[in-house]
Amino acid sequence: MSDASATPEPIVHAAKLPARRPLGSLFVHPAADGTVATDPERSGWRYLCFRAFSLADGEAVLLDRPDHEAAIVTISGGGVAVQCDGSPVLVLDGRPSVFEGMPWSAWIPPHTTTRIIGRPLPGRRVVVAVAQAPRSGRSDVAASPIVVTPNDVEIEIRGAGNATRQVNNMMMPGFPADRLLVCEVFTPNGNWSGWPPHRHDIDDPPREAVLEETYFYQFSRPEGWAIQRVYHRDGSRDLVLPVRHGDLLSVDQGYHPFASTQGYDAYYLNVLAGDRRTMANSDDPDLAWVRTLWPSMAPDPRLPLVRT
């Protein structure tokens, strides 16, 4: 006899939904107050919600979707306090900018009423990013909020030569979240990241998993820009986008390499959500060979750009 109270097995989707949203739904420029946001209705996918906004000292935001898990990341301008139901206040000290400190973040379990309260540096507004996703039915998920301090972040240097980049791993597959995966990437000026180009469009474990992904961009000088490409090998999609400070991109399908411009160090916050706790992806088979160059190339000595 089956146990009707047992946790249901998560549904695993074999492939991403067809890419039918216009570019204006996927590529969001910040409003006058710097706010950007997307959700499944806008991006045409199943799970991932993302928004970035600023708060003055003492200004508070009550998170919508309290039935979703949430990840809160401080971006710039200071820190925040996070109130979760009757739990003690979580303090995220934050940083002046992404180029001046390691991230403070917090994971919030589903079915939690959450308020985020601004604690900016003097004369500043704190910029904070929030990602949310619905429950999958997975059983090995933490029951209480978790603060991820800078000391908890793993710094990873990937690639070599002008494809070297710094990845700050915050909420990776071993972290006891449900769907959400969070990291941030620093690409020194003139370098490439997401190289060789990769995708995560089909469920083919352990090689590849279906993952929705957002990119939220920052630059060492706010007038800067970089190039983000999103494409399919058959040419059915080929977007080449000039991305700027504060822009948000939903990567709904395809390979998605990134190139920074001379003089402008680049940053993006990556949030992903799917049915499996993995970052599994597959390279563009036409370009995967470039990995064979790396053993004979030194990593970029400018990295890590940020250590503390």
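Analysis parameters
- Residues numbered from 1 in each chain as written.
- Predicted model: local features only at pLDDT ≥ 70, side-chain atom pairs only at ≥ 80, totals over all residues.
- Heavy atoms only, no water.
- Pairing = 2+ DSSP bridges.
- Helix = DSSP H or I, 4+ residues; strand = E, 2+ residues; numbered from the N terminus.
- Axes fitted to C-alpha atoms, helices over the stretch in contact; angles between N-to-C directions.
- Phe/Tyr/Trp six-rings, centres within 6.5 Å; stacked < 30°, edge-to-face > 60°.
- Buried < 20%, exposed > 50% of the residue type's maximum accessible area, 1.4 Å probe, protein only.

**Student:** Mind showing me how you'd approach the sheet that holds strand β10 (residues 126–133) here?
**Tutor:** Working definition: the strands of a sheet are paired by backbone hydrogen bonds and lie parallel or antiparallel to each other. Reading across the sheet, the six strands line up as β2-β3-β10-β5-β8-β11 and stay open at both edges, with antiparallel pairing between neighbours. A single partner strand is all that each edge strand has here, and the edge strands are β2 (36–38) and β11 (146–148). Across the sheet, the mean angle separating the axes of adjacent strands is 20° when strand polarity is ignored. Inspection of the sheet shows β2 paired to strand β3 (residues 49–55) by three bridges, in the antiparallel sense. Across the sheet, residue T38 finds its bridge partner in β3, namely F50.

**Student:** So what exactly am I meant to see when it comes to the pairing of strand β7 (residues 90–95) here?
**Tutor:** The two faces of the sheet receive side chains in turn, since in a regular strand these alternate between them. Of the strand pairs in this sheet, strand β6 (residues 78–84) and β7 are connected by four bridges, and their pairing is antiparallel. Paired with V80 across the strands is L92, a residue of β7. The turn joining β6 and β7, which pair antiparallel and follow one another in sequence, is formed by five residues; a positive phi near 45° is taken by D85.

**Student:** Honestly, the packing of aromatic side chains in this entry has me stumped. Any pointers?
**Tutor:** For the structure on display, the rule yields 11 aromatic pairs. Here F186 and Y267 contribute two aromatic rings whose centre-to-centre distance is 5.2 Å and whose plane-to-plane angle is 65°, an arrangement assigned as edge-to-face. On the criterion of sequence distance, the pair formed by F186 in strand β14 (residues 180–187) and Y267 in strand β22 (residues 266–274) is long-range, its members being 81 residues apart. Classification of F186 as buried rests on a relative accessible area of 0%. A relative accessible area of 0% places Y267 in the buried class.

**Student:** Honestly, the sheet that holds strand β21 (residues 258–260) in this entry has me stumped. Any pointers?
**Tutor:** The sheet built from four strands is open, its strands ordered β15-β21-β18-β19 with antiparallel pairing. Strand pairing shows two members of the sheet lacking a second neighbour, β15 (192–193) and β19 (238–244), which therefore form its edges. When β15 meets β21, the two strands line up antiparallel, connected through two bridges. Pairing of W192 across the sheet is with A259, part of β21.

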